[in-house]
Amino acid sequence: MNAQRFFTATIGVAMIAALAFTACRKDETEEETSSSEDHAMLERTDHDITSMSGQAADITGSSLSNYRTGADESILSNGCATITRDSANHTVTITFNGGTCQDGRTRSGSLLIDYSASTNGAMHYRDPGFVCSVTSNNYVVDGNAVNIITKVITNTTPFGFDALTTNLTWHIVAHVSVTKSAGGTIDWNCDRTKELLNTSDANVYHGSAQPISWNLARIGLTGSSHGTCADGESFTGNITSQLIRDFGGCNIGGKYPIIQGAIDFTKGTRPVRHIDFGNGACDDLATVTVNNHTRTITLH
């Protein structure tokens, strides 16, 4: 669930493409699996928004050329977007050109990151006290229209923390609506904690003066989600085991799937679907268990 070469597991995916977006199907087992795949897509897409916003807000310069150098390489590094920082108004804008990004996904529209609510002069994603709201303008991913109703990311790392013993963390609250290219709209809310699991690695976190090397980051996500499926049924999703994406260690065709962790997903009054992403092996597979029946799915 990708980029951050970091940039979201996904973990956060994660961070959104669609969720229990399945309409009525004749094969109930197929429906159970399909809606689980869509929920996994939502996790990844939302995490990618978080990741891209964080990466863009982590740089000091105001141009893509600065962003594309060295350790800053990410999902946006192949020229699919331009990044503009307005330090006076405390905003960063990511404008996509409709091309294919580093992770193989096409994106158009723009994301606006407003960090004016930050405290103690924080202006970068890596800074304790950094707070930003993310909004979208005609943002489309692989034909799926993503409308960010609200999304707030807060760096919750203690001031003066020791990177050798304390990981960087962020609290994420979001309300997102996704209209799939095939039809149907899903309303999705989440409350998450994102953690840079290898903050202690000096090759990843370089201190407050330099951007994080997201292409080497190992990201963890915990928390819950809820909303309404395209068919009007409600759903809940609870991460029961931390979701993990390894951007320095697991690249499958330019994508960075969730490789570890589990979610319990419930649609309406139906049985709980347990989605297990594995124990850390680099693959794009997950298993879905419903009423003791298990199927393997491929993460898209």
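Residues numbered from 1 in each chain as written. Predicted model: local features only at pLDDT ≥ 70, side-chain atom pairs only at ≥ 80, totals over all residues. Heavy atoms only, no water.

Student: Hey, could you run me through the overall build of the protein in this one?
Tutor: Counting its regular elements, the protein contains two helices and 13 strands. Each of the 300 residues in the protein was classed as buried or not, and the buried ones make up 53%. Taken as a whole, the protein presents about 11,200 Å² of accessible surface, with 48% of it coming from carbon and sulfur. (Helix = DSSP H or I, 4+ residues; strand = E, 2+ residues; numbered from the N terminus. Buried < 20%, exposed > 50% of the residue type's maximum accessible area, 1.4 Å probe, protein only. Areas by Shrake-Rupley, 256 points an atom, 1.4 Å probe, with all protein chains shown as cover.)

Student: Would you mind going over the pattern of salt bridges with me for this structure?
Tutor: Note that side chains of opposite charge can pair when their charged atoms are close. For the structure on display, the rule yields eight salt bridges. Across the pair arginine 245 and aspartate 48 runs a salt bridge whose closest N-O atoms are separated by 3.2 Å. Residue arginine 245 is found in strand β9 (residues 234-246), and its partner aspartate 48 is found in helix α1 (residues 28-58); the two are separated by 197 residues along the sequence. In this pair, the class of arginine 245 matches that of aspartate 48, namely buried. Between arginine 218 and aspartate 246 there is a salt bridge, with its nearest N and O atoms 3.1 Å apart. Of this pair, arginine 218 sits in strand β8 (residues 218-228) while aspartate 246 sits in strand β9, and the two are 28 residues apart along the sequence. Here the residues in one salt-bridge network are Asp48, Arg107 and Arg245, joined through shared partners. (Salt bridge = Lys/Arg side-chain N within 4 Å of Asp/Glu carboxyl O.)

Student: Help me understand the packing of aromatic side chains in this model?
Tutor: Two aromatic rings are characterised by how far apart their centres lie and by the angle between their planes. Counted according to the given criterion, the structure contains nine aromatic pairs. An angle of 25 degrees between the planes, with centres 5.9 Å apart, marks the rings of tyrosine 115 and phenylalanine 130 as stacked. Of this pair, tyrosine 115 sits in the loop between β3 (106-114) and β4 (131-141) while phenylalanine 130 sits in the loop between β3 and β4; the two residues are 15 residues apart in sequence, bridging distant segments of the chain. Judged by relative accessible area, which is 3%, tyrosine 115 ranks as buried. Seen from their ring centres, tyrosine 125 and tryptophan 214 are 5.7 Å apart, and the 55 degrees between their planes marks the pair as tilted. Of this pair, tyrosine 125 sits in the loop between β3 and β4 while tryptophan 214 sits in the loop between β7 (185-196) and β8, and the two are 89 residues apart along the sequence. The class of tyrosine 125 is buried, set by a relative accessible area of 0%. Tryptophan 214 sits in the buried class, given a relative accessible area of 3%. Members of the aromatic cluster, each reached through a chain of ring pairs, are Tyr115, Tyr125, Phe130, Trp170 and Trp214. Here the guanidinium or amino end of lysine 194 rests over the ring plane of tryptophan 170, the centre of that ring lying 5.6 Å away. (Phe/Tyr/Trp six-rings, centres within 6.5 Å; stacked < 30°, edge-to-face > 60°. Lys NZ or Arg CZ within 6 Å of the ring centre and 35° of its normal.)

Student: Looking at this structure, how should I read the nonpolar core?
Tutor: General note: in soluble globular proteins, nonpolar side chains tend to be found buried as a group. Counting 61 residues, the largest nonpolar core has Phe96 and Leu196 as its most contacted members. What leucine 196 contacts, discounting residues up to four positions off in sequence, is Asn167, Leu168, Trp170, Val204, Ile212, Trp214, Ala217, Arg218 and Ile219. (Core = buried A, V, L, I, M, F, W, Y, C linked by side-chain atoms within 4.5 Å. Contact = heavy atoms within 4.5 Å.)

Student: Would you mind going over the environment of phenylalanine 161 with me for this structure?
Tutor: With respect to the element layout, phenylalanine 161 can be found in the loop between β5 (144-155) and β6 (169-179). Since its relative accessible area comes to 17%, phenylalanine 161 is described here as buried. Along the backbone, phenylalanine 161 and proline 128 are 33 residues apart, and their C-alpha atoms lie at a distance of 8.8 Å.

Student: Hey, could you run me through the confidence of the model for the protein in this one?
Tutor: Reading fine detail from the predicted coordinates is not recommended where pLDDT is low. Of all residues in the protein, 79% have pLDDT values of 70 or greater, and the mean over the chain is 81. Element-level mean pLDDT values for the protein span from 33 in helix α2 (residues 64-67) up to 96 in β4. Across residues 1-27, where pLDDT falls below 50, the model places 181 contacts with residues more than four positions away in sequence or in other chains. Note that pLDDT drops below 50 for residues 62-73; the model gives that stretch 32 contacts with residues more than four away or on any other chain. (pLDDT = per-residue confidence, 0-100.)

Student: Looking at this structure, how should I read the state of the cysteines?
Tutor: Throughout this description, disulfide means a covalent bond between two cysteine sulfur atoms. Under the criterion given, the structure shown has two disulfides. Disulfide pairing is shown between cysteine 80 and cysteine 101; the S-S distance is 2.1 Å. Across the S-S bond linking cysteine 80 and cysteine 101, the dihedral sits near 90 degrees, which makes this disulfide right-handed. One end of the pair, cysteine 80, is in the loop between α2 and β1 (81-86); the other, cysteine 101, is in the loop between β2 (91-100) and β3, and 21 residues separate them in sequence. Each member of the pair, cysteine 80 together with cysteine 101, is buried. Here the cysteine-cysteine linkages of the protein are recorded as 1-2, 3-4, numbering only bonded cysteines and doing so in sequence order. (Disulfide = S-S within 2.5 Å.)

Student: Would you mind showing me how to read the pairing of β2 here?
Tutor: The side chains of a regular strand alternate, first on one face of the sheet and then on the other. Pairing geometry for β1 and β2, over six bridges, is antiparallel. Note on β2: the bridge partner recorded for aspartate 86 is threonine 91. Connecting β1 to the next strand, β2, in antiparallel fashion are four residues, including histidine 90 with a positive phi near 60 degrees. Alignment of β2 against β3, held across eight bridges, turns out to be antiparallel. (Pairing = 2+ DSSP bridges.)

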